[in-house]
Amino acid sequence: MSAGGGWKRLFRLTESAKHVRDQVDDELLFHVETLLERYLAEGMTEEEAWLEVRRQVGDLDHLRAEMAAQKARANRSSRRRLFRDGLRSDVRVGLRQFRKRPGFTSLAVLTLALGIGASTTLFSVVKDVLLDPLPYPESDRLVYVGSVLRGGVPSVFTAPEFLALHASTQTLESYAAYRYATMIVRVGARPEQFRVAAVTEDYFAVYGVGPALGRAFQPDDYRGNASPVVILSHGVWQERWGGDLEAIGSMVAPVDRPWTPDQSPLTEQFSYVVVGVMPADFPSTADFWIPERLTGTEFASDDYFTNGTHRSVGRLRSGLSLADLREETAVLAASLAVEHPEYYSGGYFEGRSIDAISLLDRTVGGYRGSTLLMFGAAGLLLLIAVANLAGLLLARALDRNQEMAIRGALGAGRGRVARLILTETMLLTLLSSAAGIAMALGGMRIFKLLAPLAFPRLDVVAVDVWAMAFAVALALLCGLLCGIAPVAVGNSKRSLVSPLQGSSRGGERKGTARLWKALVGTQVALAVYLLVGAGLLAHNYRSLLAVDPGVESEDLLLLPISTSAHSDTEESYVGFLSETIRRVGAIPGVESVSWTPDPPLYGGWWIPPVVTEGMAEDVESPSIRTHAVGPDFFPTLGIPIHRGRGIEWTDNADAEPVVVVDEVMATRFWPNEDPLGKRLRLLGGGKGETWYSVVGIAGRVHESTLAQVPTPQVYVPSMQRAQAYPGAWIVIRSPLVAHELAQPLEAAIWRVDSNVPVRSLETMEGRIARDLRDPRFHMVMVGSFSLTAVLLSVAGIYGLMLCLIAARTREIGIRSALGAGTSSVLWTVSRQCTWLILGGCIVGVGLAAGTSRLLEGLLFGVSPLDPPTYLAVSVGLVGTALLACLLPAWRATRIEPTIALRGE
Amino acid sequence: MTRTTASTIYGNLDLLVLHTLRVEGSLHGLGIVDVLEERSQGSIQVDIGALYRSLHRLEKHGLLESEWRISDKNRKANYYSLTAAGEKDLERTQDEWEDHVRAISRVLSLGWEIGS
């Protein structure tokens, strides 16, 4: 057996059919000719010799054919077997390498798995939230239409505008309006509050989804004298009817009429027949649906065109696009503006129009940008991981030059060596994708734990088969990317020869080192880039944490309460609430109690135009956010009164009308005067002529979010100027925790009115935490990505340094032997790496500054170019990276010159 | 002198080929024929078709490997040699064969004793 024959056979070219036939012929020919020569030499005649050969060989042609066929068969199966065996041997070699170097293997797998895990998690979110259609047939045709002011996003709509579009639309196949109301139904002995959606005729047709049980609304249900009907949500059906089929035909009897948020009863009906139950997967924004017919006659009031409490959804005709609809709504708005100029121009209404967005956009809303941003961050992390892994594999390839050279000498071609290296890399990436999927499953749990409560469609987000396929595909792609460099190194002509010839590896190492340095520099730049983003988000979070909400949130509890049964008149509204807080105030442990329709940080306000003394009335009066609050409001919420007094029990209907303004209002309206004693009027609502005296100046509050800049606020005693809303908040200051108060609260309120539902208490601290949830979420997500990125890149620098030093041990030894000081050697060794780090940092900072606008929407009160953040990130990262670079360099200077010189 | 065609007993030829190659190293087809005839002093005559079928079969099973080389007569010939697997297989079949032969000759010699 010739030396290396086994190897050569493994790498032999595959044989064509013609080649096989030729070989058989050659073999037989050799045999026959040799025999003939031999017989001739023995003295036979040519004819005798031929006869003798014929006798031995038999039918030569038949033999040839038979042998060729046999050999071809053997060849085919052996070619398959060769490939199989080759692959199996590659895999075996690869696995053996893994076992031999568990440290390297686990590091490489972990590196790539981190990138893949992060990307796969965010991929799942992007796919399920942003890309997957809504759960309605042909949901891409669904649109949401509403009024816009000054180019905002459509939110609510007025009934007349809806009716106008409904009558004229050419682009919508079906179009419906709906509005929400609350309804109190007794469940057993307890009154409970439910959400009702009053919908026009085509509502369910727009979505293309009907009840799972029973029937949808019919045209008859919308007639004036129709008997009232209701459709249940799946949730309510399960909870209140126990999923009983008998629910159809049963009665729903609310204790009061349903009320809309703008204080009007929705209908005069007190009992409804259940006709249907919606399917479980119908995204439920309401507990009940009832039919409502809009005619336009019920809007013949003052605020015919201003009362935007409706919403509207439509289904585009097939083949038409959102752009067609938007064109139509713009034309409609223009023609309405001609008919009713007073509602489409001037002051508050300036720039009013009608616009439409896709229902998906409406659902996903503001989270699209931040989700894509996080996906991008995960992608960058993956990129860093790939660069890191490529560096690791490169180092490995250098280490294995010897092995590859031997394989080459034994007959393994370049392709064969490439296959071996790629197989190993692929094995590595497959392991990584498995680990990455595991990380994505864990990451998804963390994501859901941290995600904002309002994050859309969080219930359907999951790491599914597609996401897993994505992870595997990603891993294979990364494997290919990472595998190319080591293949190039391990397979260069020189490397197959030189290691065996001795240590002439300088030039080749240089090329590899250049590639590796580029990879490390890229990692540093990307890590800085990510870290700047994370730094900005962290700074943003910290500055939000530091925001003074204007109230003392500790021990502050809030109870939403339905006042719909008491909002007929201001007197009954105020009477009910005063009696309620009197009784609640008597509960042991309650320090102070009041009411307000719109507590700070909960949003919601009444914005009457305000006229102050000396201000001409015909001037465009500024609309100021005004709150009609109960007595003891300020001490209960912990809003400081800077001067004067707060609102007291004595500020009733018989007393002198008073208001408290906040400091923002005070400085805005009376910048150089004493606001106390100044008078103002709150226009509208039939009481616009009353003058109110300013009796106190309160601290500023954030009335809807921590991020927003405080605006002027006016507080008027509810007992003097109530807005009789169908709901209010009882605000309570008490050191008791919510569940300790629940029982006594119910008892106290039900002694005033046993039909009032008592919902669960909320805490102001909970409300503030909810506000911090979004920024915390973004900070934690991007922060963990960027810290991982830093870790990877620092590891990359460390690895590069070790390799660079290993290559220069001899040089270091010589320099030390020639008397070079420690610092000079240190500089020589770490110089390249230091420039690399500084260069990467500069590129990263430049990249971050250039694309900082991406973060703009997520930052409040922090500039996306915030210099301290950039500085801190740069210094922190450069410091850490230099440490990773200098530590091995410093160790190198400790090498004994003699050892270093002998080392080679 | 009886002349036996080796292929008449199935499997014998394979055994003989493997054995020859172990003893002689690598040989081409004709070389194997020559060795066999020489060793058996002409009592074994090899059918060429059977020989090449056997060679190719053994190669297919990985017991042999072949390589084109220049013969001593300066001609290109296909040389066969034993693989490690072939070596192992030969040991096994050789043992079996010897057991077989011992068993048969024991029976035959027994028959002769009874007959005598």
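Each remark here, short or long, concerns the structure printed above.
A quick note: this is a predicted structure, and the numbers were derived from the prediction, not measured. (Residues numbered from 1 in each chain as written. Chains lettered and ligands numbered in written order. Predicted model: local features only at pLDDT ≥ 70, side-chain atom pairs only at ≥ 80, totals over all residues. Heavy atoms only, no water.)

A. Structural context of a nonpolar patch on the surface. On the surface, a nonpolar cluster with roughly 330 Å² of combined accessible area is contributed by W827, W835 and L838 of chain A. Along the chain, L838 of chain A falls in helix α23 (residues 822-850). (Patch = residues over 30% accessible without salt bridge, like charges linked within 9 Å, V, L, I, M, F, W, Y side chains within 5 Å. Areas by Shrake-Rupley, 256 points an atom, 1.4 Å probe, with all protein chains shown as cover. Salt bridge = Lys/Arg side-chain N within 4 Å of Asp/Glu carboxyl O. Helix = DSSP H or I, 4+ residues; strand = E, 2+ residues; numbered from the N terminus.)

B. Looking closely at the packing of aromatic side chains. Residues and elements named next belong to chain A. All chains considered together, the criterion is met by 25 aromatic pairs over all chains. With a centroid separation of 5.9 Å and an interplanar angle of 70°, the aromatic rings of Y136 and F282 are classed as edge-to-face. Linking Y136 in the loop between α5 (102-131) and β1 (142-149) with F282 in the loop between β7 (272-277) and β8 (288-291), this pair joins segments that are 146 residues apart in sequence. Note on accessibility: Y136 and F282 belong to one class, buried. Between Y178 and Y180, the aromatic rings sit 5.7 Å apart at their centres with planes inclined by 75°, giving edge-to-face as the arrangement. No difference in accessibility class separates Y178 from Y180, as the two residues are buried. Of the aromatic side chains, those joined through ring pairs into one cluster are Y136, Y178, Y180, Y203, F204, Y207, F217, Y222, F282 and W289. For the cation-ring pair, R362 lies above Y144, with the distance from its terminal atom to the ring centre recorded as 4.1 Å. (Phe/Tyr/Trp six-rings, centres within 6.5 Å; stacked < 30°, edge-to-face > 60°. Buried < 20%, exposed > 50% of the residue type's maximum accessible area, 1.4 Å probe, protein only. Lys NZ or Arg CZ within 6 Å of the ring centre and 35° of its normal.)

C. Expanded view of the nonpolar core. Residue and element names in this part refer to chain A. One finds F447, F455, I639, Y715 and I797 to be the most contacted residues of the largest nonpolar core, which totals 126 residues. Take this core: its biggest share by element is 19 residues, from helix α22 (residues 764-817). What F447 contacts, discounting residues up to four positions off in sequence, is T121, L122, V125, M374, F455, L458, F777 and M781. V661, L745, V756 and V758 belong to the second largest nonpolar core, which has 44 residues in total. (Core = buried A, V, L, I, M, F, W, Y, C linked by side-chain atoms within 4.5 Å. Contact = heavy atoms within 4.5 Å.)

D. Local environment of empty space enclosed by the protein. Residue and element names in this part refer to chain A. Enumeration according to the criterion identifies five cavities of 30 Å³ or more in this entry. When its volume is computed, the largest cavity comes out at roughly 150 Å³. Considering the residues around the largest cavity, the lining is formed by twelve residues, among which L393, R396, R400, I421 and E424 are closest to the centre. Broken down by element, the residue count for the lining of the largest cavity peaks at four residues, all from helix α14 (residues 414-450). Broken down by class, the residue content of the lining of the largest cavity amounts to eight nonpolar, one polar and three charged. (1 Å grid on protein atoms, 1.4 Å probe; cavity = no way out; pocket = protein on both sides within 12 Å on 5 of 7 lines; lining within 4 Å. Points joined across faces, edges and corners; volume = space filled by probe spheres on them. Nonpolar A, V, L, I, M, F, W, Y, C, P; charged D, E, K, R; others polar.)

E. Representation of the sheet that holds strand β4 (residues 64-70) of chain B in the model. Residues and elements named next belong to chain B. Spatially, three strands are ordered β2-β5-β4 in an open sheet, and the strand pairing comes out antiparallel. Since the sheet does not close on itself, it has two edges, and those belong to β2 (27-28) and β4, each with one partner. In this sheet, strand β5 (residues 76-82) lies alongside β2 in antiparallel orientation, the contact comprising two bridges. Bridged to H28 within β5 is Y79. Against the sheet, helix α1 (residues 12-24) contacts β2, β4 and β5, and its axis sits at roughly 95° relative to β5. Contacts from helix α3 (residues 48-60) reach β4 and β5, with the element oriented near 115° to β4. (Pairing = 2+ DSSP bridges. Axes fitted to C-alpha atoms, helices over the stretch in contact; angles between N-to-C directions.)

F. Focus on the state of the cysteines. Under the defined criterion, the tally for this structure stands at zero disulfides over all chains. There is no disulfide at C885 of chain A, and the cysteine sulfur nearest it, in C833 of chain A, is 4.1 Å away. (Disulfide = S-S within 2.5 Å.)

G. Focus on the pairing of β4 of chain B. Residue and element names in this part refer to chain B. Both β4 and β5 contribute to a ladder of seven bridges, which runs antiparallel. Bridging from a neighbouring strand, E67 pairs with Y79 of β5. Here β4 folds back onto β5, and the loop between the two strands holds five residues, one of which, N74, carries a positive phi near 65°.

H. Structural context of α22 of chain A. The sharpest bend along α22 of chain A reaches about 60° and sits at R808 of chain A. Two residues or fewer after α22 of chain A comes G819 of chain A, characterised by a positive phi angle close to 95°. (Bend = angle between axes of the 7 residues up to and from the residue.)

I. Seen up close, the interface of chain B and chain A. Across the boundary between the two partners, chain B contributes 28 residues, which contact 28 residues of chain A. For the pair chain B and chain A, the summed buried area comes to about 2500 Å², and 51% of that belongs to carbon and sulfur atoms. A per-residue breakdown of the area chain B buries against chain A is headed by L30, I48 and R75 of chain B, which together make up 25% of the total. Connecting chain B to chain A are one salt bridge. One salt bridge connects D34 of chain B with R38 of chain A, and the closest N-O pair in it is separated by 2.5 Å. Joining chain B to chain A, the criterion identifies five residue pairs in polar contact (both at pLDDT 80 or more). Looking at which element gives the most residues to the side of chain B that touches chain A, the answer is α3 of chain B, with nine residues. Tallied by class, residues from the side of chain B that touches chain A come to nine nonpolar, nine polar and ten charged. (Buried area = accessible area lost by both parts, 1.4 Å probe. Polar contact = N/O pair within 3.5 Å; in protein donor to acceptor, adjacent residues only side chain to side chain.)

Fair warning: the whole summary comes from geometry, so function is off the table for now.
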